[in-house]
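# Topology and contacts: notes
One-letter residues, chain by chain:
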Amino acid sequence: MAYSYRLLTVLILASIVLFWPPLTFLALIPLVLLYCLKGTRYAVGGMVFAALAIWLLSGINFISLIFLLVAGIPALAMGILIKKDTKVWPVIILSTTLLLGCLVLLIVILEQVGQLNFSLEMQQILRDSLDKAYQFYKNRGVGPEELSLIKRNSWRILGILELIWPSLLAISIWFAVYIDYLIVSKLLRRLGITVRSLPALRQWQCPDWLVWGVIVPSGLLVSDKILKVAQQYWLYSGLLSILVVVGFAYFIQGLSIANYYFHKAKAGKLPQVLFYFLVALNRDLWFVMALFGLLDFWINFRKINKTVAIS
């Protein structure tokens, strides 16, 4: 019994500490562990206790709401799916969807009570980031002409980012959930609980229907002169965001094709690390990888059985 209380105390304290903004996405981990190790009662108790403690420490009511929604509910969902031995990618995708849904609900609530204007906050964050980048180059002694070019390009980038921020938010949340699952699965295995491992990158295969996520938005954007899509901000932003999210999925598939051939050639880790590092630094290669991932739908570079989807 004492062990149970020590475990509960440690995990609750961990969840409170992890509420520090830069590490908020890790708050799912202790709650998933609580559910998998001790069950629903402990997990729900940990959620409520941590939310109350955060509220008492911060004095802000909505902080506890953030914890319960954005961390608690998706953590419970991930724990339930793991305990049911669900395949890895459905766990990550469903947890990401739920986390994103909770975040959107929270944003709506905060905007309704006048505590937040999310669009303005996002624009301010983007502007601050670009201003810091501009100051960085200025402080490094970059010439006036180069600085002028950087500033013009920065405002162009800002305009693009303001259109596609929903997709960037979704991708960031997916990545956070992916990291959470990696950490949770390793910790649970060390504690003697069987958890499904992530399949090898070379096995990544987007479902066939995802290609419509490229065809339909692209068709609507191409027919812009007829449908006047660009004049409807939310529709235009939504279509671009869908393309970015789907493009990210095909980017991963492009990397999986490269990983497949690295594995087939029995290449060492150093060539692979150098390749991925080069891709990370070169934006043009992002599009090349995404293009290869999309073409894989028709060409099937790896000759993978098309009935096999993401598992």
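All of these numbers come straight from a predicted model, not from anything done at the bench. (Residues numbered from 1 in each chain as written. Predicted model: local features only at pLDDT ≥ 70, side-chain atom pairs only at ≥ 80, totals over all residues. Heavy atoms only, no water.)

## Looking at the pattern of salt bridges
Side-chain pairs of opposite charge can arise whenever the charged atoms involved come near each other. For clarity, the threshold we go by: Just to be clear on terms, a salt bridge is a Lys or Arg side-chain nitrogen sitting within 4 Å of an Asp or Glu carboxyl oxygen. Counting from the N terminus, the helices are the DSSP runs of H or I reaching at least four residues and the strands are the DSSP runs of E reaching at least two. Any residue under 20% of the maximum accessible area for its type is buried, any over 50% is exposed, and the rest in between are partly exposed; the area is computed with a 1.4 Å probe on protein chains only.
Overall, the coordinates contain two salt bridges when judged by the stated rule. Among the salt bridges present, the one from Arg 196 reaches Asp 85, with a minimum N-O distance of 3.2 Å. Of this pair, Arg 196 sits in the loop between α7 (144-190) and α8 (212-222) while Asp 85 is found in the loop between α4 (61-83) and α5 (88-112), placing the two residues 111 residues apart along the sequence. By relative accessible area, Arg 196 is classed as partly exposed at 35%. Residue Asp 296 is joined to Arg 302 by a salt bridge in which the shortest nitrogen-to-oxygen separation is 2.9 Å. The buried category is assigned to Asp 296, whose relative accessible area is 0%.

## Let's talk about the packing of α8 against helix α10 (residues 233-264)
Keep this limit in mind: Lines fitted to C-alpha atoms define the axes here, with helix axes fitted over just the stretch in contact, and angles between the N-to-C directions of these axes take values from 0 to 180 degrees. Put simply, a crossing is left-handed when the front helix is turned counterclockwise from the back one by less than a right angle, and right-handed when it is turned clockwise. We call two residues contacting when some pair of their heavy atoms lies within 4.5 Å. Each residue gets one label: Ala, Val, Leu, Ile, Met, Phe, Trp, Tyr, Cys and Pro are nonpolar, Asp, Glu, Lys and Arg are charged, and the others, such as Gly, are polar.
Axis separation between α8 and α10 bottoms out at 9 Å; the angle between their running directions is 145 degrees. The element α8 and its partner α10 pack so that their crossing is left-handed. Across the interface between the two elements, Gly 213, Val 214, Pro 217, Ser 218, Leu 220 and Leu 221 from α8 touch Tyr 236, Leu 239, Leu 240, Ile 242, Leu 243, Val 246 and Tyr 250 from α10. Taken together, the residues of the contact of α8 with α10 sort by class into eleven nonpolar, two polar and no charged.

## Some points on the side chain of Gln 205
As a reminder of what qualifies: Pairs of N or O atoms are called polar contacts if they sit within 3.5 Å, as long as, within protein, a hydrogen donor faces a hydrogen acceptor (for residues adjacent in sequence, only side-chain-to-side-chain pairs).
Note on placement: Gln 205 falls in the loop between α7 and α8. Looking at Gln 205, the relative accessible area reads 2%, which means it is buried. Polar side-chain contacts of Gln 205 include one of 3.0 Å to the side chain of Arg 302.

## With respect to the nonpolar core
The cut-off we apply is this: Here, nonpolar core means buried Ala, Val, Leu, Ile, Met, Phe, Trp, Tyr and Cys residues that are tied together by side-chain atoms lying within 4.5 Å of each other.
In this structure, Val 32, Ile 82, Ile 92, Tyr 181, Leu 188, Tyr 250 and Phe 251 are the most contacted members of the largest nonpolar core, which totals 49 residues. Listed by contribution, the elements that provide at least two residues to this core are α2 (28-38), α3 (40-58), α4, α5, α7, α10 and α12 (283-299). With eight residues, α2 is the single largest residue contributor to this core. Setting aside its immediate chain neighbours within four residues, Val 32 contacts Ala 75, Met 78, Gly 79, Ile 82 and Val 184. With six residues, the next largest nonpolar core counts Leu 161, Leu 221, Leu 239 and Leu 240 among its residues.

## Let's talk about a nonpolar patch on the surface
Put simply, the rule reads: Like charges are joined within 9 Å and nonpolar side chains (Val, Leu, Ile, Met, Phe, Trp, Tyr) within 5 Å, but only among residues with over 30% relative accessible area and no salt bridge; these make up the patches. Per-residue and other accessible areas were derived by the Shrake-Rupley procedure at a 1.4 Å probe size, with only the shown protein chains allowed to occlude residues.
Judged by side-chain polarity, Val 44, Val 48, Leu 52, Trp 55 and Leu 56 come together as a nonpolar surface patch covering roughly 440 Å² of accessible area. Given a relative accessible area of 46%, Leu 52 falls into the partly exposed group.

## Some details on the packing of aromatic side chains
Going by this rule: The pairing test for Phe, Tyr and Trp rings, Trp by its six-membered ring, is centres within 6.5 Å, and the orientation test on the planes gives stacked under 30 degrees, edge-to-face over 60, and tilted for anything in between.
Scanning the entire structure with this criterion turns up eleven aromatic pairs. Each ring, one from Trp 89 and one from Trp 204, has its centre 4.8 Å from the other, and the planes form 90 degrees; the classification is edge-to-face. Of the two residues, Trp 89 sits in helix α5 while Trp 204 sits in the loop between α7 and α8, which places them 115 residues apart along the sequence. For Trp 89, a relative accessible area of 8% translates into the label buried.

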